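# Descriptive analysis of the structure
The primary structure of each chain is shown beneath.
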Amino acid sequence: MQVLKFGGSSVANAENIKKVLAIVKQKNKNDQLFVIVSALGGVTDLLLKSSLLATSGNLEYKEILKEVEQRHLQAVKELIPITIQSSILSFVKTQCNELDDICKGLFVLRDLSPAIKDRIMGFGELLSSKIIAGAFEAENINVCWADSRSLIVTDAAFGHANVNFAATDNNINKFIEDHKANLYLAPGYIAANEKGIQTTLGRGGSDYTAAIIASAISASSLEIWTDVSGMMTADPRIVANAKVISQISYQEAMELSHFGAKVIFPPTIQPVMGKAIPVWIKNTFTPQAEGTLIKAQTAKDVNTITGISSIGNISLLSLEGSGMIGIPGFSKRLFEVLAQLQVNVIFITQSSSEHSICVGIDEASAALAKNAVDKAFAIEIAQEKVEPVVIENNLSIIALVGDRMKRHTGVSGKFFSTLGKSGVNIRAISQGSSERNISAVIANEDVKKALNVVHESFFETEIKELNVFIAGAGNVGSRLLAQLYKQQQYLLKNHRIKIKVAGLANSRTMLLKEEGVDLSNWQEALKAGTSSNIDDYIQKIITKNLKHTIFVDATANERVAHTYSALLQKNIAIVACNKIACSSQYANYKKLKDLTTEYNAQFLFETNVGASLPIIGTLNDLISSGDAVHKMQAVLSGTLNFVFNNYDGTKSFASVVRQAQAEGYTEPDPRLDLSGKDVMRKIMILIREAGNTIEMDEIANNVFLPEECMQGSVEDFYQCMEKHEPHFKKLYEEAAAKNCKLKFVASYENGKAVTGLQHIDPKHDFYHLYGKDNIVLFYTDRYVDQPLVIKGAGAGADLTASGVFGDIIRASKA
């Protein structure tokens, strides 16, 4: 005989119940069946709510009872022909009237005892099982309905009663012997104590009912039918890439269910494990799916880790003090206090010095537990042998489960390393002697990220998914988005990287899409986004706390740069073409660099100097390998190089600058380029990256622009340059007369940095520098006579975007 259990989602309505009927009819062709059903989906919650409202004197309970009655009457009408409905309708009305009478009593007495609560909570299963039995009979299928209260005997621990298995097994087998049938059906969840008073087996107890019956009759198998296709490697509501577990051992299933896996009720495994009855987890809505098989031993070729689970709303209760060291009995007393309060201990860890012991309990019990433990240890606390109990709230437990972890080295290291690299702080850890479970206590806010990164580390090694949030959708930002869109498939195929733009913002609007922005239509999507500012955007990114988050700053905005510190402290990588942060006060630059080390977060800004040229990366490699830079010479402004390469006096200097701006080579305000400030920032960044301390005011800048041109608006600036055209023509003619070219050069030597226009003769490395090219010469311990030269196009939105793209790829490999 097989035992089949159908959960609340499987019997939520008439349509779903018809699917149940089809499954049972098909299986009943080949085997005897004992079917257990839950209440219609959501009904148990409604019953609980009605009882609480009635007890509090709130007449709204009547509306809820009407809803419960209507749902069941509607199910009868949809499942059973009108000619044979009367007996089932009568049963439903009788039960609902009794329920109404009980709630009226609660409304008057204002006292909801555990026994009465159990009585109310069990109406759902009684009603559903009778209706489903009637539906079978309507299809001419003989079914023997059994009242679980006459089969399962428990104690009087209402709400979570303990089963008397000897009496229960005897009742079940006697019932089957006395009532010969091919199909039995009974309500789950409910039982009765020795006095015949109804009890319940705990929320989710219908699974347990099925396991109790399967054990009693030594069933060939137990099938738990639900709305998922088996037990998953993680909660699919949190981890999108969770996979179905094909096989799992009894012990692993118990561990996962204990640590929050909702597919199966934790006590379910125990009754069937002793008789080695295989348990299948199946999907009512895709019955052809294989599902998960729970059995004594699984195949040896499956993963080391079977699954990951979590429990939320945990509090850590810590008892510590020097008076505990070497003194027996402290742990015993602690657990006795908690046991007397009926507080379930979920997690235990103790320091090897015996200086402290820490337990994880349900957050709802934390205050009560603290008061009781402090009272129990009042003498030791007064004598300062132990400290008052410390309670930490808003915590969760994440658990890694797998039979094959035993004697398999490296699993714990990989687990903790993955959490650490993702900025997830571990508050406490525990591992049982069976090595089947490794648990870590973390903050509630980190659970989603933790589950995703750990799942990726153990189950998704093929593809790494990045969550990219971009600030700035102008020249550079729009080009970057185009490049990301174009390269999506290439990166997936060749680098096993999936870049998901989870957020996008400009100065007015933000767009957040955890599933990823459609890059083929991002402009329209952003227009329809939410009005916001950069602080709101950053807070949303931090709150989402997604795995592998990378923040891309494609702006030149100072407010955006000020957010870096908050992001790095949340282990969010930063890729920036914005130079403001790295060219700010040295103390701020140093702070950001220190935060990258402290919080293991990448801060990449290759495009701060030379767009996509590998200048900063090369400099970092030199320093990391032990070289030292003594001298730098560089042309670092693609804008200025473009301007002076194209200005020969035949057209105005202002028109050449306008051309540079139109082609995307300048900053939004070209004066930043032409004043030399942008070059000053860039050489300062290189000097700092070479390991030196320098501030902006220590750089000598020889300005070639008339001071008058630095005033007013950008348009005023262009008009002023037209006015001073003779000045610019003179600069050009003086250089041409010496057969030289004008180049704006930045240099650093002997601790001094200088920027300004220079006459470059034909023999100089800078002479043949065309278009928007940049060039950097590094003179080092290793490059003494001949410098290390990096040369190439160093300006333009496309090039800058490609440099940012490269930094995103580098950040993904951290």
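Our subject is the structure that appears above.
Report on the accompanying structure. Keep in mind that this is a model prediction, so the values were computed, not measured.

The next subject is the sheet that holds strand E24 (residues 603-604). With mixed pairing, seven strands are arranged side by side in an open sheet as E21-E20-E19-E18-E22-E23-E24. Strands with a single pairing partner mark the edges of an open sheet, and in this sheet they are strand E21 (530-531) and E24. Pairing between strand E18 (residues 464-471) and strand E22 (residues 549-553): five bridges, direction parallel. By the bridge assignment, Ile470 is partnered in E22 with Val552. Its contacts with the sheet place helix H16 (residues 475-495) against E18, strand E19 (497-505) and E22, and it is angled at close to 155° to E19.

With that out of the way, let us pick up the packing of helix H23 (residues 638-646) against helix H24 (residues 653-662). Between H23 and H24, the shortest axis-to-axis distance is 9 Å and the interhelical angle comes to 135°. Considered as vectors, H23 and H24 are oriented oblique to each other. Both H23 and H24 take part in a crossing whose hand is right-handed. Along its contact with H23, which presents Thr639, Phe642, Val643, Phe644 and Asn646, the element H24 presents Phe653, Val656, Val657, Gln659 and Ala660.

This next bit is on unusual backbone geometry. We note that Tyr189 has phi near 80°; this positive angle belongs to a residue other than glycine. With respect to the helices and strands, the residue Tyr189 is situated in the loop between strand E5 (183-187) and strand E6 (190-193). For Tyr189, a relative accessible area of 5% translates into the label buried. Positive phi, normally seen in glycine, also occurs at Arg496, with a value near 55°. Arg496 sits in the partly exposed class, given a relative accessible area of 35%.

Of all the seven residues making up strand E25 (residues 629-635), five are buried; the element is thus mostly covered by neighbouring parts of the structure. Here E25 runs beside strand E29 (residues 773-780); their pairing, made up of six bridges, is antiparallel. Across the sheet, the residue bridging to Lys631 is Tyr779, located in E29. Sheet analysis places E25 next to strand E27 (residues 741-749), joined by four bridges and oriented antiparallel. Counterpart to Gln633 in the pairing with E27 is Ser747.

Helix length check: helix H3 (residues 61-79), at 19 residues, gives a terminal C-alpha distance of 27 Å against a target of 27 Å (1.5 Å per residue), a fit within 8%. Of the surrounding secondary structure, the elements contacted by the buried residues of H3 are helix H1 (14-28), helix H2 (43-55), helix H4 (86-109) and helix H6 (123-138).

The topology assignment puts Thr800 in helix H29 (residues 797-812). Sequence-distant contacts of Thr800, defined by excluding residues within four places in its chain, comprise Val476, Cys577, Thr607 and Ala611.

Rules behind the numbers
Residues numbered from 1 in each chain as written. Predicted model: local features only at pLDDT ≥ 70, side-chain atom pairs only at ≥ 80, totals over all residues. Heavy atoms only, no water. Pairing = 2+ DSSP bridges. Helix = DSSP H or I, 4+ residues; strand = E, 2+ residues; numbered from the N terminus. Contact = heavy atoms within 4.5 Å. Axes fitted to C-alpha atoms, helices over the stretch in contact; angles between N-to-C directions. Parallel < 35°, antiparallel > 145°, perpendicular 65-115°, else oblique. Left-handed = near helix turned anticlockwise from the far one by under 90°. Buried < 20%, exposed > 50% of the residue type's maximum accessible area, 1.4 Å probe, protein only. Expected span 1.5 Å × (residues − 1).

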